[in-house]
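# What the coordinates show
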Amino acid sequence: MRAEILRLEPTPEAAPDLGGRCLDPARWEAAWRRFLDEDYVGALELARCCLDCLASEQRSACTSGPTVRDAIVLAARCLFQLDRRDDLEVLLASAGRWGLVADDLPELEAVQLAFGCKAGEYARVATACTSWIEARSGQLAPGLADFLYLRGLARSHLGEGRTAREDAESAHALFRLLGRPFERARTANLLGIVAFRESRYDEAEDWWRRAHELHAELGMLKNMGGNRLNLGIAAYKRGRFQRAEGELQAAVRLLSQVDARVSLCRAGLALGQVLRLRGRLRAARVQLLDAFRQAGTLGLPREEALALEYLGDVQRDEGRLDHALRYYDRAQAIATSIAPDGDIATEVGHRQGECLGRLGRHAEAVAALRQSLGRARRLGDRFEEGAIRRTLATSLMAVADPDSAVAAITGSMRLLREVGAEHELAESLLVAAGIGLARVESGLLEEPASVLEDAWQDALAALHLHLRLAGEDGIRRARETVARVADRRHRLETCPAPATAVRAGTRAPAARPAPVRIVHVSSIMRDLLQLADAFADSDEPVLIIGETGTGKELFARRLHERSRRCGRELVAVNVSAVPESLFAREFFGHVRGAYSGADGDGQGLASCSDGGTLFLDEIGDLPLELQPRLLRLLQDGTYQAVGDPAQRHADIRLIAATNADLRAQVAAGRFRADLYYRLRILELRLPPLRERREDIMPLLRHLLSEAAGRPVDLSAYFSHRSLERAQAHCWPGNVRELAMVARQAHVQLAGCGKVRLDLESLDGERLLLEGPSAAVATPSLPRADGEPAGGRALILAALAATRGNRAQAARRLGVSRSTLYRHLERLGIEALPVGGVADQ
């Protein structure tokens, strides 16, 4: 049956009066029952029968009961459910022949607009509904509830949560007064959706349960399935994946009974996402690809965008980040065409930023994440805002902005606690613990104990949540984080054994120094320190390669203090400082009478470092004839003291360091190849300072504070232009050269009251550093067409010095506050670090 029922021609004399004529109650009841049973084809056929009988029987007008008008509205709703939009136009034309005009049938216009929502024409629908409502302002017009509902539906898709909720609540109240349970249930479902998008999950579930009860009373399987679908989505948002899967499977069973293809597509999408979250990636991909094909067949652009988004998630979880980005780009193109600032565009933007961060494109990631964060705030989506803040915190750490990262992750945890999103909260707690550890390891904290305690509490809370959620991967990662923090706490509470003096053979004093601090904020150093910590528990030799002044001895000390040998000696010796004639006895010791003047036995480095660690700096200077004996010590743990034929044993872990090219020395015959390969089983390559410029300002401040014996501010020593020059300098001497500058600056300021350093590096590069009183030009901030070296560092230094007060920071930098805001946004710097104060 197609549109012929809609072109039914009443007799001419009866036409003016047919609109209010009564229908046969039995036939009408049967048609309505078919509609509630979601047999829309049958309901449409029975509606035609009602009209056929009316035309032949010429019933009189009635004052109560179903009328022609009701039959036509029912036919329109059936056409909507059957996706027969063209036939609706025929019905509208036919209505006039029954003596009905458009103003008498607002429900038909509402059905037209509902088709617009189904096609994703949300802005047009919202505008049309507003025009209709405003034209009847002050009236309780028939159809008002329907138009309020439709406008609320359209606004919810456009991300206008507050006004969508107001419209839907008004519509729900009107439907209740009018005794229309079907429409009331539908509106309760919409109110659940609006609450869900604002991350008010308890309220959403309450509305959906009300809708489910009403639909169950009406016997509407399709709508009951839709309610179970929504309850499943709410469950997975809260991290209850097992319950979510159960709800979604129940939804699929209900929807399959009535062949509800659109809702089945949506249930397939949600089920695919839950399968992914439970780690079943292959099953998730199959499910999501099927849902994507269904969405394309049914012409559902929103569902197509969601399918592409979720398929991108699968690629991301499998580590195929480039593939994931392609999926996200396609999803974003569709989402933007539907609602540029809607929920899907926000979610996809978040995922794009996350992938960019994982690919190392951190500046792009911060920009993308800030854009998505703004959208989430405008939508009132606290769940997505919390998740975005977590990802943003990770990227901010990567661009060396730990204060902003702390602010971002703190906000993430607060929001996710408020909405009860336990899985996402557990993930944010793990990130918070990681950030706390990174800050402790950065060496920038004078009192790291409180930060480490916070990291400990965050890690324990994450483990508790993951245990409750019973996700194997989450439990594993949480336990690893707890173990890392526990190890760091233990090391902080029990300081490691001290290193000996660099002179060979002398034992270290008994006093315990503080744990080694390697000051850094750069991701390259953070990754290197994690690698060093992974090497620490091994007994294999470690070869540290780096230019002079890059911190090779600090890394050696860190390797020792984090190893199981930390309670024994770390014997450090500079090989190039030992005279060649004394090498053998300095390394291996001697017995009495071994040479003229040997009046007693002498311990060597091997004996002193037995059970501990031997650090040989400048290993490339080790004499060639001594190299086989060192190799034997490494391989067999045996050696001979000078003058003693007996074999001796020593349990030694060797750490060697060099700034030379050992491979070239092997080729030249100055270093044994077998020793070279034995040394480089584990290798650390330390980057020069010019390759980690974000560490220059924190290091300079740390070194100045050490020289002064108290925390200091860079601006007390140097002008902004000088700091820019320092940031751009190549520092061929690396941290050692930077330390020299810091000591000279402190001496000048203490003795002369001002700083002026005119330095020339060994490579001939000049560096002029002056105090703030010598600055005559306005501080140079990043320009719109490019960022001069030091721009980010200057801003971060100003914010740190003013504890996040942007107005004071702008004054320090010599720019307007609006200019500073613009640079903060462009550079992805959180304006108010933790512990900051509001602008005055």
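All values derive from a computational prediction rather than experimental measurement.

### Here we look at the overall build of the protein
Helix and strand counts for the protein stand at 36 helices and 9 strands. Classification of the 840 residues of the protein by burial places 55% in the buried group. By sequence separation, contacts in the protein at least 24 residues apart represent 69% of the contacts at least 6 residues apart. Roughly 35,800 Å² of accessible area belongs to the protein as shown, and the carbon and sulfur atoms make up 50% of that amount.

### Re the pattern of salt bridges
Scanning the model with the defined rule gives 67 salt bridges in all. Note that glutamate 441 and arginine 562 form a salt bridge whose closest N and O atoms lie 2.7 Å from each other. Of this pair, glutamate 441 sits in helix α21 (residues 422-441) while arginine 562 sits in the loop between α25 (552-561) and β2 (570-574), and the two are 121 residues apart along the sequence. A relative accessible area of 12% means that glutamate 441 is categorised as buried. For the salt bridge of arginine 476 with aspartate 473, the shortest nitrogen-to-oxygen distance reads 2.5 Å. Of this pair, arginine 476 and aspartate 473 both sit in helix α23 (residues 472-493), 3 residues apart, which is roughly one turn of that helix. On the basis of relative accessible area, arginine 476 is assigned to the partly exposed category, the value being 41%. Since its relative accessible area comes to 41%, aspartate 473 is described here as partly exposed. One salt-bridge network, held together by shared partners, links Arg276, Glu309, Asp313, Arg316, Asp317, Arg351, Glu354 and Arg358.

### Examining the pairing of strand β3 (residues 613-617)
Within β3, 5 of the 5 residues are buried, which leaves it mostly tucked inside the rest of the structure. Where burial is concerned, the two faces of β3 agree: the one with Thr613, Phe615 and Asp617 and the one with Leu614 and Leu616 are both buried. Alignment of β2 against β3, held across 5 bridges, turns out to be parallel. Across the sheet, leucine 570 pairs through a bridge with threonine 613, a residue of β3.

### Regarding the nonpolar core
The nonpolar side chains of a soluble globular protein tend to be buried with one another. By size, the foremost hydrophobic cluster in this structure holds 89 residues, and its most contacted members are Phe196, Leu229, Tyr236, Leu269, Leu396, Ile435 and Val485. Element by element, the count of residues in this core is highest for α21, at 10 residues. When neighbours within four sequence positions are excluded, leucine 269 is seen to be in contact with Leu288, Ala291, Glu303, Leu306, Ala307 and Tyr310. With 62 residues, the next largest nonpolar core counts Cys78, Phe80, Ala126 and Ala339 among its residues.

### Looking at the sheet that holds strand β7 (residues 682-685)
Either a parallel or an antiparallel arrangement is found when strands of a sheet pair, and the pairing is made through backbone hydrogen bonds. Judged by pairing direction, the sheet is parallel, and its 5 strands sit side by side in the order β2-β3-β6-β1-β7 without closing on themselves. Either end of the sheet is taken by a strand with one partner, and the two such strands are β2 and β7. Averaged over all neighbouring strand pairs, the angle between strand axes comes to 15°, with direction disregarded. Pairing of strand β1 (residues 542-545) with strand β6 (residues 653-658), which is carried by 4 bridges, proceeds in the parallel orientation. From the neighbouring strand, leucine 543 faces β6, where its bridge partner is alanine 656. Here helix α24 (residues 523-536) sits on the sheet in contact with β1, β6 and β7, set at roughly 155° to β7. Relative to the sheet, α25 contacts β1, β2, β3, β6 and β7, its axis offset from that of β1 by approximately 155°.

### Section: the side chain of histidine 729
One can find histidine 729 in the loop between α32 (720-728) and α33 (734-752). Residue class for histidine 729 comes out buried when judged on its relative accessible area of 2%. If we ignore the near neighbours within four places in the chain, the residues touching histidine 729 are Arg693, Glu737, Ser761, Glu765 and Leu767.

### Remarks on the packing of aromatic side chains
Applying the stated criterion across every chain, the model contains 13 aromatic pairs. Judged by centre distance (5.4 Å) and plane angle (65°), the ring pair of phenylalanine 35 and tyrosine 40 falls under edge-to-face. What makes phenylalanine 35 buried here is its relative accessible area of 1%. An aromatic cluster of at least three residues, connected via ring pairs, comprises Trp28, Trp32, Phe35, Tyr40 and Phe182. The ring of tyrosine 149 carries arginine 186 above its face, with NZ or CZ at 4.2 Å from the centroid. Positioned above the aromatic ring of tryptophan 207, the side-chain terminus of arginine 210 is 4.1 Å from the ring centre.

### What about helix α10 (residues 201-218)?
Its 18 residues give α10 an end-to-end C-alpha distance of 26 Å, which sits within 8% of 26 Å, the value for a rise of 1.5 Å per residue. Every buried residue of α10 is listed here: Tyr201, Ala204, Glu205, Trp207, Trp208, Ala211, His212, Leu214, His215 and Leu218. The first or second residue beyond α10 is glycine 219, which carries a positive phi of 70°.

### A look at the environment of leucine 675
Summarising the element assignment, leucine 675 is placed in helix α30 (residues 673-679). The exposure class of leucine 675 is buried, given its relative accessible area of 0%. A sequence separation of 41 residues divides leucine 675 from leucine 634, and the C-alpha atoms of the two residues are 9.1 Å apart. Ignoring any residue separated from it by four or fewer positions in sequence, one finds leucine 675 in contact with Leu622, Gln627, Leu630, Leu631 and Leu634.

### Examining the packing of helix α3 (residues 68-81) against helix α5 (residues 106-118)
Following both chains from N to C, one finds α3 and α5 inclined at 5°, their axes separated by 9 Å at the closest point. With respect to α5, the element α3 is oriented roughly parallel. The segment α3 lies against α5, with Arg69, Ile72, Val73, Ala76, Arg77, Leu79 and Phe80 engaging Pro106, Glu107, Leu108, Val111, Ala114, Phe115 and Lys118. Partitioned by chemical class, the residues of the contact of α3 with α5 number 10 nonpolar, no polar and 4 charged.

### What to know about the packing of helix α31 (residues 696-708) against α32
For the pair α31 and α32, the least separation of the axes is 10 Å and the interaxial angle reads 115°. In terms of axis orientation, α31 runs roughly perpendicular to α32. As for how α31 packs across α32, the hand of that crossing is right-handed. Contacts between α31 and α32 pair Ile696, Met697 and Leu700 from the former with Leu723, Ala726 and Gln727 from the latter. Within the contact of α31 with α32, the residues separate by chemical class into 5 nonpolar, 1 polar and no charged.

### A word on α3
Here α3 spans 20 Å end to end across 14 residues, near enough to the 20 Å set by a 1.5 Å rise per residue. Taken across its 14 residues, α3 has 11 buried, putting it largely inside the fold. The set of residues buried in α3 consists of Val68, Ala71, Ile72, Val73, Leu74, Ala75, Ala76, Arg77, Cys78, Leu79 and Phe80. Aspartate 83 sits one or two residues past α3 and shows a positive phi near 60°.

### Notes on the confidence of the model for the protein
On average, residues of the protein carry a pLDDT of 83, and 85% of them reach 70 or more. Here residues 774-790 scores under 50 on pLDDT; set against residues more than four positions off or in separate chains, the count is 33 contacts.

### Let's talk about unusual backbone geometry
Residues other than glycine predominantly adopt negative phi, and peptide bonds predominantly adopt the trans conformation. One non-glycine residue with positive phi stands out, namely aspartate 259, at about 50°. Along the chain, aspartate 259 falls in the loop between α12 (241-257) and α13 (261-277).

What counts and how
Residues numbered from 1 in each chain as written. Predicted model: local features only at pLDDT ≥ 70, side-chain atom pairs only at ≥ 80, totals over all residues. Heavy atoms only, no water. Helix = DSSP H or I, 4+ residues; strand = E, 2+ residues; numbered from the N terminus. Buried < 20%, exposed > 50% of the residue type's maximum accessible area, 1.4 Å probe, protein only. Contact = heavy atoms within 4.5 Å. Areas by Shrake-Rupley, 256 points an atom, 1.4 Å probe, with all protein chains shown as cover. Salt bridge = Lys/Arg side-chain N within 4 Å of Asp/Glu carboxyl O. Pairing = 2+ DSSP bridges. Core = buried A, V, L, I, M, F, W, Y, C linked by side-chain atoms within 4.5 Å. Axes fitted to C-alpha atoms, helices over the stretch in contact; angles between N-to-C directions. Phe/Tyr/Trp six-rings, centres within 6.5 Å; stacked < 30°, edge-to-face > 60°. Lys NZ or Arg CZ within 6 Å of the ring centre and 35° of its normal. Expected span 1.5 Å × (residues − 1). Parallel < 35°, antiparallel > 145°, perpendicular 65-115°, else oblique. Nonpolar A, V, L, I, M, F, W, Y, C, P; charged D, E, K, R; others polar. Left-handed = near helix turned anticlockwise from the far one by under 90°. pLDDT = per-residue confidence, 0-100.

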